[in-house]
Structures are given as C-alpha cells and as structure tokens.
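# Notes for the structure review
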Amino acid sequence: MDGPESAYGGSNGRWGPYAAAITRWETLTRPAPPPTDEAGRLRAEFVEWMQGLPAGWVTATPGLGRPAQLTALGNGVIPQQAVHAMQLLHPPFPRCPPCAGS
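Description of the structure in this document.

What counts as what
- Residue positions are given per chain, counted from 1 along the sequence in the order it is written.
- For this predicted model, a pLDDT threshold of at least 70 governs which residues receive local features, and a threshold of 80 or more governs which side-chain atom pairs are given and counted, while totals over whole chains, interfaces and linings are taken from all residues.
- Hydrogen atoms and water are omitted, and side-chain values are computed over all heavy atoms in the structure.
- A run of H or I in DSSP becomes a helix once it reaches four residues, and a run of E becomes a strand once it reaches two; helices and strands are each numbered from the N terminus.
- Classification of residues uses two cut-offs on accessible area relative to the type maximum, computed with a 1.4 Å probe and protein chains only: under 20% is buried, over 50% is exposed, and between them is partly exposed.
- Contacts are assigned to residue pairs with any non-hydrogen atoms lying within 4.5 Å of each other.
- Think of it this way: a Phe, Tyr or Trp ring, Trp meaning its six-membered ring, pairs with another when their centres are within 6.5 Å, and the plane angle makes it stacked under 30 degrees, edge-to-face over 60, tilted otherwise.
- Two distance rules govern patches: like charges are joined within 9 Å, and nonpolar side chains (Val, Leu, Ile, Met, Phe, Trp, Tyr) within 5 Å, applied only to residues with over 30% relative accessible area and no salt bridge.
- The protein chains shown are the only cover counted for residues, whose accessible areas, like all others here, come from Shrake-Rupley with a 1.4 Å probe.
- Here, a salt bridge means any side-chain nitrogen of Lys or Arg that lies within 4 Å of a carboxyl oxygen of Asp or Glu.
- Whenever a nitrogen or oxygen atom comes within 3.5 Å of another N or O atom, the pair is scored as a polar contact, on the condition that within protein one atom can donate a hydrogen and the other can accept it, and that pairs from neighbouring residues in sequence are kept only if both atoms are in side chains.

Our next topic: the overall build of the chain. Within the chain one finds five helices and zero strands. Start at the N end of the chain and walk to the C end: the helices and strands fall as α-α-α-α-α. Counting across all 102 residues of the chain, residues that qualify as buried make up 20%. Here the contacts in the chain between residues at least 6 apart in sequence split such that 31% fall between residues at least 24 apart.

Here's what the structure looks like:
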C-alpha cells in the first residue's frame, strides 16, 4: 500500500500492532481521528480521543493552538483513571467508626 497510511502497517495499513486496541476503543468511544497531521506531527484530536474525552473538549477551545492543546492534554487527568482513583480513595464503609474518624 502506498500513501501516508502505509507507515502504520496493519490489516488496513493504519494501526499496525495496535489495530485491535484501536478497534476496541472505537467501539467504546467514536471512530479514531488520524494520529498525525500532514507534517507528520501528533494531532491533539488523536490524543483527546485516546484519553476518552468528548470531541472538542480541548481542541475546540478558542485561542488554544496545537502546542497548548497538547500541553493541556498532557497535563490533564484521564476520566477513567480519575473515577478509579476516587473509588479507591472513598471509604468502603462510611458508617464504620475507624473510617469516619478525623
């Protein structure tokens, strides 16, 4: 296969060894955007998608260019990780005296 997608390998020439993971995530979210732009740079839209954020959550912010978008995404919290952390930190027995103390 010729063209920019051939660099990614895989059955459709796009995702290589990550094809199964991308397909699973697409079934839970939405179709994956292209990972890179015409210059071969990482696209913020792809990072936003990988993190499970709604389309445009960061990338549609007015006045926020690509570098700032990638910085915001890189410094952000992935929602699924935040939920898991909150579940781990929440006391399992809120009425238990040792758990309720302090």
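Having seen the structure, we can now continue with the description.
Applying the stated criterion to the full structure yields two aromatic pairs. Centre to centre, the rings of tryptophan 15 and phenylalanine 46 are 5.6 Å apart; their planes meet at 10 degrees, and the pair counts as stacked. Taken together, the positions of tryptophan 15 in the segment before helix 1 (19-28) and phenylalanine 46 in helix 2 (residues 44-50) put the pair 31 residues apart, joining distant regions of the chain. Of the residues examined, tryptophan 15 reaches a relative accessible area of 12% and is grouped as buried. Members of the aromatic cluster, joined through ring pairs, are Trp15, Phe46 and Trp49.

This part covers a nonpolar patch on the surface. Among the surface-exposed residues, Met86, Leu88 and Leu89 lie close enough to one another that they form a single nonpolar patch of about 390 Å² accessible area. Following the sequence through the fold, methionine 86 ends up in helix 4 (residues 79-89).

A word on the side chain of glutamate 48. By secondary structure assignment, the location of glutamate 48 is in helix 2. A polar contact is formed between the side chain of glutamate 48 and the side chain of threonine 59, at a distance of 2.9 Å. Discounting chain neighbours no more than four positions away, the residues touching glutamate 48 are Arg30, Leu53, Pro54, Ala55, Gly56, Trp57, Val58, Thr59 and Leu73.

So, on to the environment of glycine 76. With respect to the helices and strands, glycine 76 occurs in the loop between helix 3 (66-75) and helix 4. Look at glycine 76 and you get partly exposed, because its relative accessible area is 38%. Residues glycine 76 and glutamine 51, spaced 25 residues apart in sequence, show a C-alpha to C-alpha distance of 9.3 Å.

Tracing the chain through its elements places arginine 66 in helix 3. Between the C-alpha atom of arginine 66 and that of leucine 42, which follows or precedes it by 24 residues, the distance is 9.4 Å.

So yeah, pure geometry; function would need other evidence.
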